[in-house]
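Letter by letter, the chains look like this.
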Amino acid sequence: NEGEEGNNKNTVEEISHRISTACQSLSVHGIWNNKSSSANLNSMERVEMEINIYSGDATTTEQSPPSPQVVIAEVLRRKGCAVTFHNYRRCLLDAAEGKFDPASYCKTDGLDKPLGRDRCNQ
């Protein structure tokens, strides 16, 4: 996520908060490490993930004008189903960008179901 100068909606703290809020909707348990801007996450399906958030300047040359802060969120699978991980990863990265809609996710439990929730056929 690229942030604009003076715009703090993409700070590490704000992105961490959005991801944490999404984890509540996803029923994902997370243990955050504030010193390294990372978290270990565990889902109900026993998918273990690690999320890291990095921030820095976009350019590295000395002659370049000052560049905006860039924040990168990385989600890694440690254990569990790769397909299930992919669905969680997409939701977590959407949350990092501010695009995650918890109401829409809860309506379908994250699955593409035209008629909404169906607890019997999961």
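Keep in mind that this is a model prediction, so the values were computed, not measured.

Student: A description of helix 2 (residues 82-97) should follow, citing residues and the corresponding values.
Tutor: The first and last C-alpha atoms of helix 2 sit 22 Å apart over 16 residues, in line with the 22 Å expected at 1.5 Å per residue. Every buried residue of helix 2 is accounted for by Phe-85, Tyr-88, Cys-91, Leu-92, Leu-93, Ala-95 and Ala-96. Once helix 2 ends, the next one or two residues include Gly-98, with phi positive near 85°.

Student: Lay out the pairing of strand 1 (residues 29-33) with the relevant residues and their values.
Tutor: Examined bridge by bridge, strand 1 and strand 2 (residues 38-42) share five bridges and lie antiparallel to one another. Within the sheet, the bridge partner assigned to Asn-33 lies in strand 2 and is Ser-38. In textbook terms, the turn of a hairpin is the stretch between consecutive antiparallel strands, and for strand 1 and strand 2 this stretch comprises four residues, one of which, Ser-37, has a positive phi near 50°.

Student: For the pairing of strand 3 (residues 48-57), give the residues involved together with the corresponding values.
Tutor: In this sheet, strand 3 lies alongside strand 2 in antiparallel orientation, the contact comprising five bridges. By the bridge assignment for strand 3, Ala-39 is matched with Ile-51. From the end of strand 2 to the start of strand 3, which pair antiparallel, there are five residues, and Arg-46 there has a positive phi angle of about 65°. Relative to strand 4 (residues 69-79), strand 3 runs antiparallel, the two sharing ten bridges. By the bridge assignment, Asn-52 is partnered in strand 4 with Glu-74.

Student: Would you mind going over the packing of helix 1 (residues 12-26) against helix 2 in detail, with residue names and values included?
Tutor: When two helices pack together, their arrangement is given by the angle between their axes and by how far apart the axes lie. The contact between helix 1 and helix 2 brings their axes to 8 Å, and the two run at 140°. By the angle between their directions, the pair helix 1 and helix 2 is classed as oblique. Crossing of helix 1 against helix 2: the hand is right-handed. Between helix 1 and helix 2, the contacting residues are Ile-15, Arg-18, Ile-19, Ala-22, Cys-23 and Leu-26 on the first element and Tyr-88, Cys-91, Leu-92, Ala-95, Ala-96 and Glu-97 on the second.

Student: An account of the sheet that holds strand 1 is requested, with residue identities and associated values reported.
Tutor: Across the sheet, four strands lie side by side as 1-2-3-4; this open sheet has antiparallel pairing. In this open sheet, the two edge strands, each paired with only one partner strand, are strand 1 and strand 4. For this sheet, the mean inter-axis angle between neighbouring strands, taken without regard to orientation, is 20°. Lying on the sheet, helix 1 is in contact with strand 1, strand 2, strand 3 and strand 4; it crosses strand 3 at an angle near 160°. Most of the contacts of helix 2 go to strand 4, to which it runs at about 160°, and overall it touches strand 2, strand 3 and strand 4.

Student: An account of the environment of Ala-39 is needed here, citing residue identities and associated values.
Tutor: Here Ala-39 is to be found in strand 2. When the C-alpha atoms of Ala-39 and Asn-52 are compared, they prove to be 6.7 Å apart, with 13 residues separating the residues in sequence. In this structure, Ala-39 is in contact with Ile-31, Trp-32, Met-49, Glu-50 and Ile-51, ignoring residues within four places of it in sequence.

Parameters and conventions
- Residues numbered from 1 in each chain as written.
- Predicted model: local features only at pLDDT ≥ 70, side-chain atom pairs only at ≥ 80, totals over all residues.
- Heavy atoms only, no water.
- Helix = DSSP H or I, 4+ residues; strand = E, 2+ residues; numbered from the N terminus.
- Expected span 1.5 Å × (residues − 1).
- Buried < 20%, exposed > 50% of the residue type's maximum accessible area, 1.4 Å probe, protein only.
- Pairing = 2+ DSSP bridges.
- Axes fitted to C-alpha atoms, helices over the stretch in contact; angles between N-to-C directions.
- Parallel < 35°, antiparallel > 145°, perpendicular 65-115°, else oblique.
- Left-handed = near helix turned anticlockwise from the far one by under 90°.
- Contact = heavy atoms within 4.5 Å.

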